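For reference, the chains in residue letters:
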Amino acid sequence: MFVLVNLKTYPCDPVAVAEAVRDVDDTTDARLAVAPAASHIERVAETGVETWAQHVDPIDHGSNTGHALAEHVADAGAAGTLVNHSEQRLKLADIDGAVRAADRADLETIVCANNPAQIGAAAALGPDAVAVEPPELIGTGTPVSQADPDVVENAVAAAADVDPDVSVLCGAGISTGDDVVAAGDLGAGGVLLASGVAKADDPKAALEDLVAPL
Ligand SMILES: O=C[C@H](O)COP(=O)(O)O
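Taking an unreviewed UniProt entry as the reference, the chain is identified by name as Triosephosphate isomerase belonging to Natrinema saccharevitans. The heading Subcellular location (unreviewed entry) in the UniProt record of the chain holds the text "Cytoplasm".

## Looking at the layout of surface pockets
Empty space within the largest pocket amounts to approximately 160 Å³. Forming the boundary of the largest pocket are 17 residues, of which Gly139, Gly173, Leu193, Ala194 and Ser195 lie nearest the centre. Those elements that provide at least two residues to the lining of the largest pocket are strand S8 (190-193) and helix H9 (195-198). Among the residues forming the lining of the largest pocket, the class breakdown is seven nonpolar, eight polar and two charged.

## Here we look at the site of the ligand
The immediate surroundings of the ligand are formed by Asn6, Lys8, His85, Glu133, Ile138, Gly139, Ala172, Gly173, Leu192, Leu193, Ala194 and Ser195. At a separation of 3.1 Å, an oxygen atom of the ligand approaches a polar side-chain atom of glutamate 133. A distance of 2.8 Å separates an oxygen atom of the ligand from a polar backbone atom of glycine 173. Relative to its unbound accessible surface of 310 Å², the ligand loses 99% to contact with the protein. Put simply, the ligand lies in the largest pocket. Its residues assigned to classes, the shell around the ligand comprises five nonpolar, five polar and two charged.

## Concerning the confidence of the model for the chain
Averaged over all residues, the pLDDT of the chain is 97; the fraction at 70 or higher stands at 100%. Model confidence for the complex is summarised by a pTM of 0.97, with the ipTM given as 0.99.

## Concerning the nonpolar core
Val5 and Leu207 are the most contacted members of the largest nonpolar core, which has 63 residues in total. Excluding anything up to four places from it in sequence, valine 5 contacts Val21, Ala33, Val34, Ala35, Leu193, Val197 and Leu207. Counting residues in hydrophobic clusters, the runner-up holds 12 residues, among them Phe2, Ala129, Leu169 and Leu192.

## Notes on the pairing of strand S1 (residues 2-6)
Where burial is concerned, most of S1 is hidden: five out of the five residues are buried. The two faces of S1 match: Phe2, Leu4 and Asn6 on one face and Val3 and Val5 on the other face are all buried. As defined by bridge partners, S1 adjoins strand S2 (residues 31-35) across five bridges and the pair is classed as parallel. Bridge assignment links valine 5 to a residue of S2, and that residue is valine 34. In this view, the connection linking S1 to its parallel neighbour S2 by way of helix H1 (residues 14-25) has right-handed handedness. Note: S1 against S8, four bridges, orientation parallel. By the bridge assignment for S8, valine 3 is matched with valine 191.

Cut-off values and rules
Residues numbered from 1 in each chain as written. Predicted model: local features only at pLDDT ≥ 70, side-chain atom pairs only at ≥ 80, totals over all residues. Heavy atoms only, no water. UniProt positions renumbered as here; feature names shortened; annotations may be inferred. 1 Å grid on protein atoms, 1.4 Å probe; cavity = no way out; pocket = protein on both sides within 12 Å on 5 of 7 lines; lining within 4 Å. Points joined across faces, edges and corners; volume = space filled by probe spheres on them. Helix = DSSP H or I, 4+ residues; strand = E, 2+ residues; numbered from the N terminus. Nonpolar A, V, L, I, M, F, W, Y, C, P; charged D, E, K, R; others polar. Near = heavy atom within 4 Å. Polar contact = N/O pair within 3.5 Å; in protein donor to acceptor, adjacent residues only side chain to side chain. Areas by Shrake-Rupley, 256 points an atom, 1.4 Å probe, with all protein chains shown as cover. Sits in = over half its atoms within 2 Å of the grid points. pLDDT = per-residue confidence, 0-100. Core = buried A, V, L, I, M, F, W, Y, C linked by side-chain atoms within 4.5 Å. Buried < 20%, exposed > 50% of the residue type's maximum accessible area, 1.4 Å probe, protein only. Contact = heavy atoms within 4.5 Å. Pairing = 2+ DSSP bridges. Right-handed = clockwise from strand over helix to strand, strands pointing away.

Here it is as structure tokens:
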């Protein structure tokens, strides 16, 4: 299972969480990675943890003030990027452009979507993976894999119909090892989570619980 921890802009210490992710990654067969805010990518990547960007824009080098260029993200140490997170929605053409930009910079891609229908569309754009996240469950602590299993199963089926090579993650409310196991049982290849680790009093203990059954 791939466990990707999105730090969003939570007021945690990104390097401390990154070090915890790195250390727990060394103890498990699961693949762990962290997605800090753009301005923290370099410091987080220097810890040795697998580092992802939260977003890249569908742009090339040039006159793009305030945008996230895929090459800059890669140069800072990111191995991949989220695209179209629920909190950073893009138009369809811009999702396509962002995936192309990430490909150009050799970044792995996960395109996020709200529901199985959107997952099918996202998979058609050729990312490495897609992530289904019902927005109403994000940050609630109510795990999508247990509260809304049909969403996960239908997303897995929708992606497989389009491209069996596109892996499917699920996210929203995931915070325990049981939630991760439930996601895997529904066919997900990983989980995308944030508050369960970034807002935990002890992020390392939260991560250890997440991977314990894997
Ligand atoms: O990127 C992560 C997702 O939005 C899930 O957030 P959450 O784990 O706080 O529900």
